[in-house]
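Survey of secondary and tertiary structure
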Amino acid sequence: MAVTTRTLGRSGIEVSALGMGCWAISGPWAEGAQPLGWGAVDDDESVRAVRRALEEGITLFDTADTYGAGHGERVLGRALAGRRDDAVIATKWGYTFDEASRQATGEDASPAYLRSAVTASLRRLGTDRIDLYQLHLADLPVPRAQALIGTCEDLVAEGLIRAYGWSTDRPDRATAFGHAGATAVQHTLSVLRDAPELLAVCDKYDLASINRGPLGMGLLTGKYSAGSTLPRDDVRGLAPGWLEWFRGGRPAPEWLRRVSAVRDALTADGRTLAQGALGWIWARSGRTIPIPGCRTVAQVEENAAALHRGPLPADQFVEVERQLAAVRTAALRDADRPHWPRPTHPTIHP
């Protein structure tokens, strides 16, 4: 059954059940020599992709001020010019950057920076309000994050933002903001990487579950194999420690095995692999809103077609889970287990 809209947590804002992630259309930027973008992009094609998404019924667009060192917000603002009221804009703050050099420069969790960041984002986006404003510092200690809640509430009262949330994979962080009045938590969720604890937090506090990485940074599109090599100007080609899907510029073999295990079950009713992966997320929880990244009109159209197919049927969902359980049980050697390298120093985590 088709699924077209969902509610953005306790805010009551209605959004499309599928969003568009805008990290990939933001162009190059870096932290020193470490690329953080997806390589060179065609801004005109990016604008066409956003506008095509609107035509296909996609209304939620997720970006961040640091994507492209501000360029991503500018591209999204250009694409939505004249259509602002048709879209729900989600962006993030917390990382600092230099627009001229397109370099990430650090982070700032102060209330004063929060105020300056929202003003700058509004200007780049060409809008008078941000629908969902998200803290981008995933591992910020809870007391420091709680010190920002009063300013977030003030920004809501002033009409500069409509709602706020946290982009984090830490249940304790999501709980802290959920208890305080947030609307959403953005976290990793895909058929390859479930998040039961975070989904439980969303249920408890009436939060939207906004899902980054729903297609495993491209692994669940089916276009990458063991022999694929990503260019070094792509964040996946020179993968930082927190990026688990790729190593050495190639798809990580343990994740390719999981994709292979579930491919038939995800595509059993005629969906593409990507459409099946999105259908799994909708079947997983009624709060989920996947935001796959898109760089082209063709990618938007394939993902949007998943809306009309809706969640995976119950029998298909069960079969996917059975196949995943089998491949996890078989992963007994270290080489078969997911790698969890942790950076020794704080670094940008889009």
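Quick note: structure is the one above.
Here's a quick rundown of the structure.

The rules behind the values
- Residues numbered from 1 in each chain as written.
- Predicted model: local features only at pLDDT ≥ 70, side-chain atom pairs only at ≥ 80, totals over all residues.
- Heavy atoms only, no water.
- Helix = DSSP H or I, 4+ residues; strand = E, 2+ residues; numbered from the N terminus.
- Buried < 20%, exposed > 50% of the residue type's maximum accessible area, 1.4 Å probe, protein only.
- Pairing = 2+ DSSP bridges.
- Axes fitted to C-alpha atoms, helices over the stretch in contact; angles between N-to-C directions.
- Parallel < 35°, antiparallel > 145°, perpendicular 65-115°, else oblique.
- Contact = heavy atoms within 4.5 Å.
- Nonpolar A, V, L, I, M, F, W, Y, C, P; charged D, E, K, R; others polar.
- Expected span 1.5 Å × (residues − 1).
- Arc of directions from axis to C-beta.

1. Description of unusual backbone geometry
We note that Ala69 has phi near 55°; this positive angle belongs to a residue other than glycine. One can find Ala69 in the loop between β6 (60–62) and α2 (71–80). Ala69 sits in the buried class, given a relative accessible area of 2%. Its identity is not glycine, yet Asp206 carries a phi of approximately 55°, on the positive side. Relative to the helices and strands, Asp206 resides in the loop between α7 (196–205) and β13 (208–212). Look at Asp206 and you get partly exposed, because its relative accessible area is 34%.

2. Digging into the pairing of strand β10 (residues 132–135)
On β10, burial covers both faces: Leu132 and Gln134 on one face and Tyr133 and Leu135 on the other are all buried. Relative to strand β11 (residues 164–167), β10 runs parallel, the two being bridged by three bridges. Bridging from a neighbouring strand, Leu135 pairs with Trp166 of β11.

3. A few points about the packing of α2 against helix α3 (residues 111–125)
Relative orientation of the contacting elements α2 and α3 amounts to 45°, with a least axis distance of 7 Å. Classified by the interaxial angle, the pair formed by α2 and α3 is oblique. Across from Glu73, Arg74, Leu76 and Gly77 in α2, the residues of α3 making contact are Ser121, Arg124 and Leu125. Residue composition of the contact of α2 with α3, by class: two nonpolar, two polar and three charged.

4. Let's talk about helix α9 (residues 273–284)
Relative to the 16 Å expected for twelve residues at 1.5 Å per residue, α9 spans 17 Å between its end C-alpha atoms, a close match to the ideal helical length. In terms of burial, α9 is largely enclosed, as ten of its twelve residues are buried. Of the residues making up α9, those classed as buried are Leu273, Ala274, Gln275, Gly276, Ala277, Leu278, Gly279, Trp280, Ile281 and Trp282.

5. Comments concerning helix α5 (residues 149–157)
Those residues of α5 that fall on the buried side of the exposure criterion are Ile149, Thr151, Cys152 and Leu155. Buried residues along α5 cover an arc of 160° about the axis, so they all sit on one side. In the core, the buried residues of α5 are packed alongside β7 (88–93), α3, α4 (142–146), β11 and α6 (171–180). One or two steps after α5, the chain reaches Gly159, where phi turns positive at roughly 80°.

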